[in-house]
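Each chain is listed here by its residues.
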Amino acid sequence: RHAVCIFYLVLRALDTIEDDMTISLDVKVPMLHEFHSYLYQPEWKYMESKEKDRQVLEDFPTISMEFRNLSKVYQDVILDICHKMGVGMAEFLEKKVDSQHEWDKYCHYVAGLVGIGLSRLFSASELEDPIVGQDTELANSMGLFLQKTNIIRDYLEDQVEGREFWPREVWSRYAKKLSDLAKPENIDMAVQCLNELITNALHHVPDVLTYLSRLKNQSVFNFCAIPQVMAIATLAACYNNKQVFRGVVKIRKGQAVTLMMDATNIQAVKAIMYQYVEEIYQKIPSTDPSSNKTQQVIASIRAMSLPGSPMASRHHYSPIYLSCAMLLAALSWQYLSTISKATEEYVQAGEN
């Protein structure tokens, strides 16, 4: 628990530096490269950030002290991932995501490495078998599936903020500029581009199912499975949906809570994945350029997730567990609703 908590706070601090557009590149790039070394500098902190999460930089001595109190096996994992992520973030500060290969590479740096680091922590704790931490390809896919889902869903929000994460290799076949996809006259081409990227993301689902099938600890399973089922539900809501280019597409609060309560074993997760890829399958337009590829990847997911037996019974938890789960869902959706409102106000202001 402590190792995962400190891992999160360290990466939150690193990410805050990357996100802060007020820091010049000649300052930011060396900071990203050297950030891992600050973990062993008891006094290091950064007081110039204007980001909303700047507290993690201002109070970094507290975080680094707790980091140094962790077992060395945990320190080594966090240090290594922090170093690799900082170098990767610096690389993409000075270039845009062009090819699909670079899209995978960017997502690896900002999310795949998180999956790899967490997996190594799970194995180091001996809560999970060594293979979980050793199989970096599956762990990387866990991160890529979540990151690509966020990038796809957040098209409009990122446009508002002046960020571009959709790969040029894909969107350039549908528009001259990525921002053109938000224009009403381009909506049909925009949706086709959206569907192609969702199809790309779905290719990670078989790896996700294989990874989750190896987990033995209930707490670790819940921690890993819940974001993945949220992601497939989000992709199903976004698929072939014009609303992605007009506002924020989100799954319902009750749906989110149900997913959190159900995703407690591999058979239940397979059933959930099967349900949502079927939902996507039913929406595939026959005229969509990616329709064949979408059908093919769904067929491979079906083969892995076909319910061979009735869905395993839901684990029973104490009321406090369910209360916490529902509170977490409510807080998450409050945050998403705030983002949605801000984006809609921005769009309306632009129209006026």
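Residues numbered from 1 in each chain as written. Predicted model: local features only at pLDDT ≥ 70, side-chain atom pairs only at ≥ 80, totals over all residues. Heavy atoms only, no water.

- The chain has the name Squalene synthase in an unreviewed UniProt entry, where Podilymbus podiceps is given as its organism.
- What UniProt states about the chain under its Pathway (unreviewed entry) heading is, verbatim, "Terpene metabolism; lanosterol biosynthesis; lanosterol from farnesyl diphosphate: step 1/3."
- Quoted verbatim from the Sequence similarities (unreviewed entry) heading of the UniProt record, the comment on the chain is "Belongs to the phytoene/squalene synthase family." (UniProt positions renumbered as here; feature names shortened; annotations may be inferred.)

### Things to note about empty space enclosed by the protein
If a probe as big as a water molecule is rolled over the atoms, it shows which places are left empty.
Line of reasoning, step 1. The tally for this structure, following the rule as stated, stands at 2 cavities of 30 Å³ or more.
Line of reasoning, step 2. Of the voids in this model, the largest cavity is the one considered here, and its volume is about 60 Å³.
Line of reasoning, step 3. Split by residue class, the lining of the largest cavity holds 3 nonpolar, no polar and 4 charged.
Line of reasoning, step 4. Counted as a void, the second largest cavity has a volume near 50 Å³.
Line of reasoning, step 5. Around the second largest cavity, the lining residues are Ile-151, Asp-154, Tyr-155, Asp-158, Gln-159, Arg-163, Glu-164, Phe-165, Trp-166 and Leu-178.
Line of reasoning, step 6. Per-element tally for the lining of the second largest cavity: the top contributor is helix H9 (residues 155-161), with 3 residues.
Line of reasoning, step 7. Residues that form the lining of the second largest cavity fall into these classes: 5 nonpolar, 1 polar and 4 charged. (1 Å grid on protein atoms, 1.4 Å probe; cavity = no way out; pocket = protein on both sides within 12 Å on 5 of 7 lines; lining within 4 Å. Points joined across faces, edges and corners; volume = space filled by probe spheres on them. Nonpolar A, V, L, I, M, F, W, Y, C, P; charged D, E, K, R; others polar. Helix = DSSP H or I, 4+ residues; strand = E, 2+ residues; numbered from the N terminus.)

### Description of the nonpolar core
Line of reasoning, step 1. Core analysis: the biggest nonpolar cluster contains 109 residues, and Phe-35, Trp-166, Leu-181, Tyr-211, Leu-212 and Phe-245 have the highest contact counts within it.
Line of reasoning, step 2. If you tally residues by element for this core, the top one is helix H13 (residues 218-238), at 13 residues.
Line of reasoning, step 3. Split by domain, this core shows at least three residues from each of two domains, domain 1 (1-95) and domain 2 (98-309). (Core = buried A, V, L, I, M, F, W, Y, C linked by side-chain atoms within 4.5 Å. Buried < 20%, exposed > 50% of the residue type's maximum accessible area, 1.4 Å probe, protein only. Domains from an automatic or database assignment.)

### Some thoughts on the pattern of salt bridges
Line of reasoning, step 1. Overall, the coordinates contain 22 salt bridges when judged by the stated rule.
Line of reasoning, step 2. When the shortest N-O distance is used, the salt bridge between Lys-95 and Glu-91 registers 3.0 Å.
Line of reasoning, step 3. When salt bridges that share partners are traced, they join Arg-12, Asp-15, Asp-19, Lys-52 and Asp-53 into one network. (Salt bridge = Lys/Arg side-chain N within 4 Å of Asp/Glu carboxyl O.)

### A few points about the environment of Asp-207
Line of reasoning, step 1. As for its position among the elements, Asp-207 is in helix H12 (residues 205-214).
Line of reasoning, step 2. Remark: the alpha-carbon pair of Asp-207 and Glu-137, spanning 70 residues in sequence, is separated by 8.3 Å.
Line of reasoning, step 3. Excluding anything up to four places from it in sequence, Asp-207 contacts Glu-137, Leu-138 and Ser-141. (Contact = heavy atoms within 4.5 Å.)

### Here's the deal with unusual backbone geometry
Line of reasoning, step 1. Although it is not a glycine, Glu-126 sits at a positive phi angle of roughly 70°.
Line of reasoning, step 2. Here Glu-126 is to be found in the loop between helix H6 (100-124) and helix H7 (130-134).

### Things to note about the packing of aromatic side chains
Line of reasoning, step 1. One pass over the full model with this rule turns up 13 aromatic pairs.
Line of reasoning, step 2. For the pair Phe-35 and Trp-44, a centre-to-centre distance of 5.7 Å together with 85° between the ring planes defines the contact as edge-to-face.
Line of reasoning, step 3. Both rings, one in Phe-92 and one in Tyr-106, keep their centres 5.4 Å apart while their planes meet at 70°; by these two values the pair is edge-to-face. Taken as a pair, Phe-92 in helix H5 (residues 72-93) and Tyr-106 in helix H6 lie far apart in primary sequence, 14 residues in all. Tyr-106 matches Phe-92 in its accessibility class, with the two residues each being buried.
Line of reasoning, step 4. Here the aromatic residues Phe-35, Tyr-38, Trp-44 and Phe-60 are joined through ring pairs into a cluster of three or more.
Line of reasoning, step 5. The side chain of Lys-95 reaches across the aromatic face of Phe-92, ending 4.8 Å from its centre. (Phe/Tyr/Trp six-rings, centres within 6.5 Å; stacked < 30°, edge-to-face > 60°. Lys NZ or Arg CZ within 6 Å of the ring centre and 35° of its normal.)

### Re H13
Line of reasoning, step 1. Look at H13: 30 Å from first C-alpha to last across 21 residues, which is about the 30 Å you get at 1.5 Å a residue.
Line of reasoning, step 2. At Ala-225, H13 shows its largest bend, some 25°, and a proline, Pro-227, comes one to four positions later.
Line of reasoning, step 3. Within H13, 16 of the 21 residues are buried, which leaves it mostly tucked inside the rest of the structure.
Line of reasoning, step 4. Sitting at the amino-terminal end of H13 is Asn-217, which places a side-chain oxygen 2.9 Å from the backbone nitrogen of Ser-219.
Line of reasoning, step 5. Of the residues flanking the end of H13, it is Asn-240, one or two places downstream, whose phi is positive at about 55°. (Expected span 1.5 Å × (residues − 1). Bend = angle between axes of the 7 residues up to and from the residue. Polar contact = N/O pair within 3.5 Å; in protein donor to acceptor, adjacent residues only side chain to side chain.)

### A short note on the confidence of the model for the chain
Line of reasoning, step 1. Averaged over all residues, the pLDDT of the chain is 90; the fraction at 70 or higher stands at 87%.
Line of reasoning, step 2. Segment residues 309-321: pLDDT under 50, and 15 contacts once partners within four positions in sequence are set aside and those in other chains are kept. (pLDDT = per-residue confidence, 0-100.)

### A short note on the side chain of Asn-265
Line of reasoning, step 1. Mapped onto the fold, Asn-265 is located in the loop between helix H14 (253-262) and helix H15 (266-283).
Line of reasoning, step 2. Given the relative accessible area of 12%, Asn-265 is considered buried.

### Concerning the packing of H12 against H13
Line of reasoning, step 1. Contact pair H12 / H13: the axes reach a minimum separation of 11 Å and the direction vectors enclose 160°. Put simply, H12 runs roughly antiparallel to H13. The interaxial crossing formed by H12 with H13 has left-handed handedness. Packed against H12, whose contacting residues are Val-205, Val-208, Tyr-211 and Leu-212, the element H13 presents Phe-221, Cys-224, Ala-225, Gln-228 and Ile-232 at the interface.
Line of reasoning, step 2. Class assignment of the residues belonging to the contact of H12 with H13 gives a composition of 8 nonpolar, 1 polar and no charged. (Axes fitted to C-alpha atoms, helices over the stretch in contact; angles between N-to-C directions. Parallel < 35°, antiparallel > 145°, perpendicular 65-115°, else oblique. Left-handed = near helix turned anticlockwise from the far one by under 90°.)

### Some details on the environment of Lys-105
Line of reasoning, step 1. Looking at where Lys-105 falls in the secondary structure, it is placed in helix H6.
Line of reasoning, step 2. You can call Lys-105 partly exposed: its relative accessible area is 30%.
Line of reasoning, step 3. C-alpha separation for the pair Lys-105 and Phe-92, spaced 13 residues apart in sequence, amounts to 9.6 Å.
Line of reasoning, step 4. Apart from residues lying up to four places away in sequence, Lys-105 is in contact with Glu-91 and Phe-92.

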